[in-house]
Each structure stands twice: as structure tokens, then as C-alpha cells.
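The residues making up each chain are set out below.
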Amino acid sequence: IATASDDNTSKIWDSQNGHNTLTLVGHEKMVHSVAFSPDGQQIATASHDKTAKVWNGQEEGNAQTLFGHRLFINSLSFSPDGKQIATASWDNTARVWDSESGQNLLTLTGHTEMVNSITFSLDGQRIATGSKDNTIKIWDSDTGQNTITILGNSGAIRSLAFSRDGQLIAAANQEDRNATIWHCETQKLILVIEHEFAVYGVDFSPNGKDIITTSEDRTARILDYKIAKHVRKLNGHQRAVRDAAFSPDGQFVATCSEDNTAKVWEALSGQ
């Protein structure tokens, strides 16, 4: 498991025993996002020092730095084939990079406020961005053309996730205190998932049935979104839960919190 922290580092942990196996040191300011490449051979980190770094192999200090954004980088995502990295920034743009050479391949412009989240669809053909301008934009990953804009959110988009079939996009809305699920092609609102306070994170399960949301209310919630039924509420963090991710097999969920901890839960039982 990889975690990103305000202490300017990213840490790698053994998911079975919780041991810290590696600490990645090199950023000058807080690390806001971290991602493994699909093959597990690279780790990418995004920082408020305006750079992203690609760590080749799990070796401290062996990193390539991606320069180009003018302000903080909030989020990043590997393409499904691992050949590209997409980054989202406070400079109102997103960029796509070659993960091997570090070359800036595309700059995605169109948002009028900071871009908080970015993700590839699982087929790699589309990129979604979520912004403080309350919009979700979907882009062609080859050309950088903005093909879809979803306008129905009334608050800043904090996090995004494509469904496994790419037909739906889920958004965490910080000010609205909810998560929304939209049909990409029709831009139709499918479901609203409410929390008591700001919603920060969202992810779809590998089985395509469940969605997890994280909130300032100190909980994460796993929901079968097709029948709109709350399945499990994960209680245990002492402060806001910032993000969550399913394991590739869907058996576990990892959460990270402002209480300075990350936790691993059984997805089925919520324990």
C-alpha cells in the first residue's frame, strides 16, 4: 500500500502486516497523491512543490521529476498500460506525461478553477478531471480534446472514479456533502449518496457493484449503488477520512485519514 502525507514523504507498506517497507524522500512540500503503475514497477507522487515524481522500482532516491505545472499538483493517475501519467493542478490545467521519458505529451485546458482530481478510464481511451469550478470534464486521451462536460454539480469536485465498464463517473463533492454518480454519455444524474459533512474520496469496487465514499464525518461508506442500499459503514478513524481504495481483488479497502493513520478493512465485513 502506498500513502502520501503532509510530512513531504510517501511511504510503502506491507499490506499483510502493516510494516513500513520504504519511505520516498525527495519532495520539498506535502505529497498530495500517490499511485502504483499497473505492473507495480513504478510509483508516482504528486506534490505541492509543483512537481510530480516517478520512482523507478522501490528504491529511495531513484526518481524522475516532472516539471511543467505552475502551481500545486493535487492528483495523478497512471494509464492502464502504464505508459502515461496524468496530473491535475491548481493552475487550472491537467497534463499527460510519458511515464518513461517524462515528456509532457498533452496539456488539458478548459477548467476555470483548480483541478482537484484526475483519472483514466479502464480502457485508457478517456481521462476525467474534476475541478473547483463544479464541473467534470472528460477528455480523449489521444488528442486531449474535451468531449463531455458534466455541469450538474453545485460544489467543487474533490475526487473522481470511473466505473469498471466506463459508462459511469462518480464524483465526491466537498461543499455539497455528497457523492454523485453520472452517466457519462447522457450526463444524467444516476444517484446521490449523502454524508453528514464534506465528502472527499470515492472509488468503485472491482466487481462493479459497490462504491466507497469517504467523509469529514470520520466514516467511509460502502454502498451497492445499483440498489442504493448502504451495505457497510467503516467507523474507527478519529478525524476526517480523506480517501479510500479497493484492493485489486476487491477483498480489502484501504482508508487514509487526517488522524495521521491509514487503515485496512475487510470489504465484506467492514472490520
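Given the structure is predicted, the values throughout are model-derived calculations rather than measurements.

Visitor: Whenever I open this one, the pairing of strand 5 (residues 42–47) confuses me. Can you help?
Guide: Taken residue by residue, a regular strand's side chains alternate between the two faces of the sheet. Of all six residues in strand 5, six are buried; the element is thus mostly enclosed. Residues of strand 5 alternate between two faces, with Q42, A44 and A46 on one and I43, T45 and S47 on the opposite face, all of them buried. What sits between strand 4 (residues 31–36) and strand 5 in their antiparallel hairpin is a turn of five residues, with G40 showing a positive phi close to 75°. Of the pairings in the sheet, the one linking strand 5 to strand 6 (residues 52–56) comprises five bridges and is antiparallel in character. Bridged to A44 within strand 6 is V54. Taking the residues that link successive antiparallel strands as the turn, the strand 5-strand 6 hairpin has four residues, and the phi of K50 there is positive, at about 80°.

Visitor: When you look at the environment of S269 in this model, what are you seeing that I'm missing?
Guide: By the element assignment, S269 lies in the segment after strand 26 (262–266). With relative accessibility at 33%, the residue S269 sits in the partly exposed group. Between the C-alpha atoms of S269 and A128, which are 141 residues apart in sequence, the distance is 31 Å. Side-chain polar atoms of S269 contact the side chain of E266, separated by 2.9 Å. One polar contact links the side chain of S269 to the main-chain amide nitrogen of Q271, over a distance of 3.2 Å.

Calculation criteria
Residues numbered from 1 in each chain as written. Predicted model: local features only at pLDDT ≥ 70, side-chain atom pairs only at ≥ 80, totals over all residues. Heavy atoms only, no water. Buried < 20%, exposed > 50% of the residue type's maximum accessible area, 1.4 Å probe, protein only. Helix = DSSP H or I, 4+ residues; strand = E, 2+ residues; numbered from the N terminus. Pairing = 2+ DSSP bridges. Polar contact = N/O pair within 3.5 Å; in protein donor to acceptor, adjacent residues only side chain to side chain.

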